[in-house]
Amino acid sequence: MNRSLLRFPLLCCALAVGPGCVTSTVDEMTFNEPAAGIGDASVVILGRRHASDYETEPDFIECVGDHIASRDKSIDVIGELEFINALYPWFEPRTAPLRPEDIDRLLLQEPVAEKMAELKTEYMIWIDGSTVRTDSAGSMTCGIGPGGAGCFGFGTWGNDANYEATIWDFTDKAEVGRINTSASGQSYMPAVVVPIPIIAPVQGTACDGIGDQLLEFLSSEF
Amino acid sequence: MSRSMISVPDRYRSVALAGLLVALAALAGCGPTKVVVEGNFPQPLMEPLPLTLGVWYGEDFANHEFFDEAKGRSESSWLVQTGAAQVQMWDTLLGGMFENLVHMKGPPGPGQMNQVVNAVLIPHVDELQYTIPTQTNVKVYEIWMRYRFELVKVSGEPIAEWTMSAYGKTPTAFLQSDQAAVNLAAVVALRDAGANFATGFTRVPEVQQWLQVRDKQAHRRQQSKPPAAVTNEEVSPL
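Residues numbered from 1 in each chain as written. Chains lettered and ligands numbered in written order. Predicted model: local features only at pLDDT ≥ 70, side-chain atom pairs only at ≥ 80, totals over all residues.

### Some words on the interface of chain A and chain B
- At the junction of the two partners, chain A supplies 16 residues and chain B supplies 15 residues.
- When residues of the side of chain A that touches chain B are traced back to their parent elements, those giving at least two are α2 (58-71) and α5 (110-119) of chain A.
- Considering each element in turn, the side of chain A that touches chain B owes the most residues, four residues, to α5(A).
- Broken down by class, the residue content of the side of chain A that touches chain B amounts to seven nonpolar, three polar and six charged. (Contact = placed C-beta atoms within 7 Å. Helix = DSSP H or I, 4+ residues; strand = E, 2+ residues; numbered from the N terminus. Nonpolar A, V, L, I, M, F, W, Y, C, P; charged D, E, K, R; others polar.)

### Digging into the sheet that holds strand β4 (residues 78-81) of chain B
All names here are of chain B.
- Read from one edge of the open sheet, three strands run β1-β4-β3, paired in mixed fashion. Here the strands that pair on one side only, and so sit at the sheet edges, are β1 (33-36) and β3 (65-68). Strand-to-strand, the axes of this sheet are offset by a mean angle of 10°, without reference to chain direction.
- Note that β1 and β4 share four bridges and pair parallel. Bridge pairing links K34 to L79 in β4.
- Against the sheet, helix α6 (residues 178-200) engages β1 and β4, with an angle of about 40° to β1. (Pairing = 2+ DSSP bridges. Axes fitted to C-alpha atoms, helices over the stretch in contact; angles between N-to-C directions.)

### Overview of the pairing of strand β2 (residues 49-55) of chain B
Residue and element names in this part refer to chain B.
- As defined by bridge partners, β2 adjoins strand β5 (residues 98-103) across five bridges and the pair is classed as parallel. The residue of β5 that forms the bridge with L53 is L101.
- Here β2 pairs with strand β6 (residues 119-131) via three bridges, running parallel. From the neighbouring strand, G54 faces β6, where its bridge partner is V120.

### Let's talk about the sheet that holds strand β5 (residues 148-169) of chain A
Residues and elements named next belong to chain A.
- Strand order in the open sheet formed by six strands is β1-β6-β5-β4-β2-β3, and the pairing between neighbours is mixed. Across the chains shown, the open sheet's two edge strands, defined by having one partner strand only, are β1 (22-30) and β3 (76-78). Neighbour-to-neighbour, the strand axes of the sheet open up by a mean angle of 20°, direction not taken into account.
- When strand β4 (residues 121-145) meets β5, the two strands line up antiparallel, connected through 22 bridges. If you follow I125 over to β5, its bridge partner there is I167.
- Strands in contact with α2 are β2 (42-47), β3 and β4; relative to β2, the strand with the most contacts, it is inclined by about 155°.

Written out as structure tokens, the structure reads:
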């Protein structure tokens, strides 16, 4: 009985603490913004995955796409997997175009040109980067016995996110913008019977940062 | 007599059955972690080559699997079966890359009764390497494969032979289990193999040469035909 009384305030404490702190910076350089929005054209957001030591996370790409589509319902964002499946094998890590000029080479193939026209893709946004764990410290011990279970200790770790979005204008086959976002934060996990995670939403902050800037570029409402 | 031997009291039978089930469960726990690779592979978006291609999947290829024995008691062995997924991927890819795809009745060779096709492709997996987090201490699953392709005539006469690599990597973070992660790494490697093959087939020097000779022969046939006679081009193995 006493234990459950103790757990309740700890749980309340965990809920009250909320997320950890994140510092974030966004740099933006864009040209030829579509002043009236992109109309009924569509946008595709793709992750770069040709580096050997990291991969842009698919859930980050999905997060940016959802961020844009949920704030401006008029923008049609094509899902990454749907797009690369529809254009297989031209957007796989080893075959994806690395420069806007490479699109011309792709469009020489009639089925590719037809599919692109069908999808009405006006902007192709490439996101390159990843979130990494920088450091971690502390220790935690958990145990289970006849009277219940519990943990004791303290853990902390840091995360760094660094992403760059490159916007390609599909009609002009030109690069029209670059947005860079970096975010870092420290997460903590103190545990006295119940672990209390104080997570710094580093990747989420980077997603919001890059999503907001892309929205400013693509949407007429922002 | 035999009837009395097999009729045991019900309670003994149920105890024996329970014991057998426990033993089987215990044995199953000792077995390797088995992954049957499954995935969806899209059709290639390309103009099909005007060829009737035969394909022959050897036993080794169609039932391809790799086994990694545990090095210690804390590790588990792995059995990854890629054969069915290989066949599914190559059927989908080749079906989209060539005007007609034919599954050969037998391995191409002299005296072997087979369908008439322009050429037969025989894929092999020559080598497969992989890393799992217990080996690298980083949360990355990777699969690397080296394929060898033989392009031969129906008679078995070689046209071209070349090798090609494929690579698949997937982070664990987005997946629920090690099996799902290994499956996804294999699917990514198979997609990569398809992409590499589709974009590189016509650039293989011997294949390029063979296609050029075919084109020249087709052109000569066209010129030698009387102008009024318009017939469908026949499939003629070179």
